[in-house]
Amino acid sequence: MENILEKAAKIKEKIDKYNYYYYVKNESLVSDIEYDKLMKELEEIERKNPEIKDELSPTKHVGSGLSDTKFQKIAHKKPMLSLSNTYNIKDVEDFHQRIKKIIEKEKETDGKDSIEYALELKLDGVSISVHYKNGRLVKGVTRGDGAVGEDVTENILEIKSIPKYLKENIDIEVRGEIVLPLSEFKKLNQVRYDSGEDLFANPRNAASGTLRQLDSKVVSERNLDCYFYFLADCDKLGIDKHSESVEFLENVGLKTTGVCDVCSSIEELEERIKYWENSRGKLDYETDGLVIKVNRVDLWEELGSTTKSPRWAISYKFPAKQVTTTLMNITWQVGRTGKVTPVAELEEVEVSGSKVKRASLHNFDEIVRKDVRIGDRVFIEKAAEIIPQVVKVVKEARTGNEKEIIPPTVCPECGSELGKEEGLIDLKCPNEKCPAKVRGQIEYFVSRDAMNINGLGKKIVEKFIEIGRIRDVSDIYDLHLYRDELKSLEKMGEKSVENLLKSIEESKKRDYPKTLYALGITHVGKFLASLLAKESKSIDRLAQMSIEELLEIDGVGKKVAESVCKAFKNNEFIEIVEKLKTHGVNFKITATEDVSETLNDNFKGKTFLATGKLENFTRDGIKEYIESMGGENISGVSKKLDYLIAGEKAGSKLKKAEELKTVKILTEEEFLEMAKIGEK
Ligand code: IVH
């Protein structure tokens, strides 16, 4: 019996781990066959020994729902091919020569021996095939292996830029790329960072992970975008140039990048390539290159395809954002939640313009999965201002002297024995008083988006913890009692202490959404803190709310509700909140903060877009401001746009808005004026 129990437990542990990777991380650690085999084995054991069956067994939960809920496989009518890559203009020239050779019998009509090419942006996302019947969206299928994809219709219905109805009642299949705009990617990772979750390595991973979510609500929240670049069987619609089919897509209401440059010579292609190499940084989505397509569709058939890629198109890849370097060592860092994260210490390299010495590895399982060892050559990637990541190991470069990485069993900071939280793979320090945890919590508490206390830098916090003046965040408000002692500390003059104490005093007046955020409840980042604050109106009320009540709030899911309830059941947390309250920290919504009162009539129902350099706002800052006033942010210039806020050096968006004539163009000053006038 003992043996069977042990065996079942082992299988369960494996399945739980695979499920975690599959559903949470969007990664398959095993093949479907292997997974199904394990599940069958467990079912068999449970059938023969019903007494060991329990409510939490994977056979009862994800397992049984898995095959139904997993996306249905659908074969593509025509395979979704990939593209062969080129990296320099010489490769492009070779491509041109190859084409010329194949179609040499074909006489060009203009007699110039020229072939027309369409040059487009190569978006770095997830490709999708979307079917419309009678103008109505009926199906969305991922590329899959090119021949067979997965039915993700439910999810693509949540992508706002994919229209449910076209402007014409036609039957078409269109293909495009689903991307997560950079601005959304940054926001998403910020929220994940705030709540102690693993970050997405890049927008592509985030887009693909989101698209394969089983809960379409998550898709809706993440604001994916989609750009179309291909109309299947366009010749049947009387279209004979690719550039015309792109126009057709736009005319029927589908979004394109708006970039389809027709070039008739290598020189023209070269000029456009250079232009986009320099300008792609201005786009709100990632591009990994350009796609060059023969413009005449009738030549496509003549040129044909290999099993992998068409001969009538190639991609031109931009220089990679990934570089290789040597992994010198691993250090283990304890964060504010106690999570122990491996950090790769690297030989310094430059990645997209900045020097990198450290990169994240998330957790020990990732080290195992990527088979990372000390001394390895590794690929590093830096995605959109986020902490660099170790992408993969160059196994071919191994010398045999690389050293295996062994996970710590005790906290590197306080020596407590590390634990693993149920179901999770993270190593965690359980000691609430662990100095690294307290340091992290304080850093978070005083940060700009939280209490915004100036003068409590890392070194000073460390010192205060060391001399016992700070044991938890509430002690910050007692620091004034030790004025003289603080002033006598190294590098803490009279003025800096006074400024610090003033900043601490002022912080007591922060808005409730900020004070709630500052408490660092797991999963409660900026957005959720603001939502919970607005709904609860005070922390006393929030503390009393049940899971059911929390779940009723639109935007609060199970994870958040449970985490909030758990926090208010933790005596140490309650004690800290009580102490902060006694010190006079604000934990209530004041009348003027009520959303309904901050809405501005000038903003209600209006759409905005800012471009160029602004004086008073960051790009995300102005978006938040617009939202808080009741306006809506949109990402492109179109007839849907009401106001374009044009900052310094505004470029193509301003030009397009001027051309459209329907968009009102505001200077930053005019925008601020408009905000003031509409204020209630
Ligand atoms: S055309 C056979 N156009 O790149 C035609 N693809 O490496 C292939 N992609 O799977 C598609 N931007 O996911 C085309 N403007 C563009 C594209 C594009 C991105 C992706 C697409 C494709 C992959 C091929």
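Residues numbered from 1 in each chain as written. Predicted model: local features only at pLDDT ≥ 70, side-chain atom pairs only at ≥ 80, totals over all residues. Heavy atoms only, no water.

A. Up close: the overall build of the protein. Assigned secondary structure in the protein consists of 26 helices and 22 strands. Over its C-alpha trace the protein gives a radius of gyration of 28 Å, about what one expects of a compact globule, namely 26 Å for 680 residues. Expressed as lengths along the three principal axes of its C-alpha atoms, the size of the protein is roughly 90 × 75 × 50 Å. Buried positions account for 48% of the 680 residues belonging to the protein. Within the protein, contacts between residues separated by at least 24 positions form 66% of all contacts whose residues are at least 6 apart in sequence. Accessible surface for the protein amounts to roughly 35600 Å². Of this, 49% is attributable to carbon and sulfur atoms. Taking the average place of the 112 positive charges on the side chains of the protein and the average place of its 123 negative ones, the gap between the two points comes to 1 Å. (Helix = DSSP H or I, 4+ residues; strand = E, 2+ residues; numbered from the N terminus. Rg over C-alpha atoms; globule rule 2.2 N^0.38 Å. Buried < 20%, exposed > 50% of the residue type's maximum accessible area, 1.4 Å probe, protein only. Contact = heavy atoms within 4.5 Å. Areas by Shrake-Rupley, 256 points an atom, 1.4 Å probe, with all protein chains shown as cover. Lys, Arg positive; Asp, Glu negative; His and termini not counted. Charge placed at Lys NZ, Arg CZ, Asp CG, Glu CD.)

B. Region of interest: the confidence of the model for the protein. Predicted confidence across the protein gives a mean pLDDT of 86, with 91% of residues reaching 70 or more. Counted against residues more than four places away or in other chains, residues 61–69, with its pLDDT under 50, gives 11 contacts. (pLDDT = per-residue confidence, 0-100.)

C. Spatial organisation of the sheet that holds strand S11 (residues 313–317). On the basis of which strands lie adjacent, the open sheet formed by five strands has the order S2-S11-S10-S3-S9 and mixed pairing. At either end of the open sheet lies a strand with only one pairing partner, and these are strand S2 (84–86) and strand S9 (261–263). Strand-to-strand twist across the sheet, computed as the mean angle between neighbouring axes with direction ignored, equals 35°. Strand direction decides the pairing type here: strand S3 (residues 117–123) and strand S10 (residues 287–294), joined by seven bridges, are antiparallel. Among the inter-strand pairings, Leu119 is bridged to a residue of S10, identified as Ile292. Where helix H4 (residues 89–102) meets the sheet, its contacts fall on S2, S3, S10 and S11, and the angle it forms with S11 comes to roughly 175°. (Pairing = 2+ DSSP bridges. Axes fitted to C-alpha atoms, helices over the stretch in contact; angles between N-to-C directions.)

D. Quick look at the packing of aromatic side chains. According to the stated counting rule, one finds 13 aromatic pairs in the structure shown. Between Phe568 and Phe573 the ring centres are 5.3 Å apart and the planes differ by 85°, which places this aromatic pair in the edge-to-face class. When its relative accessible area of 14% is taken as the criterion, Phe573 is described as buried. Ring centres 5.1 Å apart and planes at 20° place the aromatic pair Phe608 and Tyr643 in the stacked group. Of this pair, Phe608 sits in strand S19 (residues 607–611) while Tyr643 sits in strand S21 (residues 643–646); the two residues are 35 residues apart in sequence, bridging distant segments of the chain. (Phe/Tyr/Trp six-rings, centres within 6.5 Å; stacked < 30°, edge-to-face > 60°.)

E. Spotlight on the packing of helix H13 (residues 435–446) against helix H14 (residues 458–466). Orientation of H13 relative to H14, taken along the N-to-C sense of each, is 135°, at an axis distance of 10 Å. Relative to H14, the element H13 is oriented oblique. Once H13 is placed against H14, the crossing between them reads as right-handed. The segment H13 lies against H14, with Pro435, Val438, Arg439, Ile442 and Glu443 engaging Lys458, Val461, Glu462 and Ile465. Of the residues in the contact of H13 with H14, the class split is five nonpolar, no polar and four charged. (Parallel < 35°, antiparallel > 145°, perpendicular 65-115°, else oblique. Left-handed = near helix turned anticlockwise from the far one by under 90°. Nonpolar A, V, L, I, M, F, W, Y, C, P; charged D, E, K, R; others polar.)

F. Main features of helix H6 (residues 182–194). Relative to the 18 Å expected for 13 residues at 1.5 Å per residue, H6 spans 18 Å between its end C-alpha atoms, a close match to the ideal helical length. Every buried residue of H6 is listed here: Leu182, Ser183, Glu184, Phe185, Leu188, Asn189, Arg192 and Asp194. Buried positions along H6 lie against helix H7 (203–211), helix H8 (216–222), H13, helix H17 (512–518), helix H18 (526–536) and helix H24 (619–628). Where H6 terminates, the next one or two residues include Gly196, which has phi positive at roughly 75°. (Expected span 1.5 Å × (residues − 1).)

G. Inspection of the packing of H4 against helix H10 (residues 266–279) at higher detail. The contact between H4 and H10 brings their axes to 11 Å, and the two run at 145°. The interaxial crossing formed by H4 with H10 has right-handed handedness. Only Ile266, Leu269, Glu270 and Ile273 of H10 make contact with H4, whose side of the interface consists of Ile89, Val92, Glu93 and His96. When the residues that make up the contact of H4 with H10 are grouped by side-chain class, the tally is five nonpolar, one polar and two charged.

H. The site of the ligand, seen in detail. Taken together, 14 residues sit near the ligand, with Glu120, Ser127, Glu177, Tyr229 and Lys293 positioned nearest. A distance of 3.1 Å is found between a nitrogen atom of the ligand and a backbone nitrogen or oxygen belonging to Leu123. In this structure, Ser127 approaches the ligand through a side-chain N or O atom, which is 3.2 Å from an oxygen atom. For the ligand, the accessible surface in isolation is 510 Å², of which the surrounding protein chains cover 88%. Tallying contributions element by element places S3 first for the shell around the ligand, with four residues. Of the residues in the shell around the ligand, the class split is seven nonpolar, two polar and five charged. (Near = heavy atom within 4 Å. Polar contact = N/O pair within 3.5 Å; in protein donor to acceptor, adjacent residues only side chain to side chain.)

I. Representation of the environment of Arg469 in the model. With respect to the helices and strands, the residue Arg469 is situated in the loop between H14 and helix H15 (483–487). On the accessibility criterion, Arg469 (24% relative accessible area) is partly exposed. When the C-alpha positions of Arg469 and Leu479 are compared, they lie 7.2 Å apart, and in sequence the two are 10 residues distant. Residues contacting Arg469, with those up to four places away along its chain left out, are Phe464, Asp475, Leu479, Tyr482 and Glu485. In this structure the side chain of Arg469 is engaged in a polar contact, spanning 2.9 Å, whose partner is the side chain of Glu485.

J. Broad picture of the sheet that holds strand S7 (residues 172–179). Strands sit in the order S5-S4-S7-S8 across an open sheet of four strands; the sheet is antiparallel. Of all the strands in the sheet, the pair left with one neighbour each is strand S5 (136–142) and strand S8 (225–231). Each neighbouring strand pair of the sheet contributes to a mean axis angle of 35°, computed without reference to strand direction. Both strand S4 (residues 126–133) and S5 contribute to a ladder of six bridges, which runs antiparallel. Bridge pairing in S5 links Ile128 to Thr142. H7 contacts S4, S5 and S7 of the sheet and is inclined by roughly 45° relative to S4. Sitting on the sheet, helix H9 (residues 242–251) is in contact with S7 and S8, with an inclination near 135° to S8.

K. Molecular detail of the nonpolar core. Counting residues in each nonpolar core, the largest one holds 66 residues, and the members touching the most others are Ile156 and Ile292. Broken down by element, the residue count for this core peaks at five residues, all from S8. The residues touching Ile156, leaving out its near neighbours within four places in the chain, are Ile128, Val130, Leu137, Lys139, Gly140, Ile162, Ile178 and Leu211. Counting 55 residues, the second-largest nonpolar core is a separate cluster that includes Leu486, Leu489, Leu501 and Leu528. (Core = buried A, V, L, I, M, F, W, Y, C linked by side-chain atoms within 4.5 Å.)

L. Quick look at helix H22 (residues 571–582). Look at H22: 16 Å from first C-alpha to last across 12 residues, which is about the 16 Å you get at 1.5 Å a residue. Within H22, the full set of buried residues consists of Phe573, Ile576, Val577 and Leu580. Buried residues of H22 fall within an arc of 95° about the axis and therefore sit on the same side. For H22, the exposed residues lying more than 90 degrees away from the buried face are Asn571 and Thr582. On its buried side, H22 packs onto H13, helix H19 (539–544) and helix H21 (558–567). Of the residues one or two after H22, Gly584 is the one with positive phi, at around 95°. (Arc of directions from axis to C-beta.)

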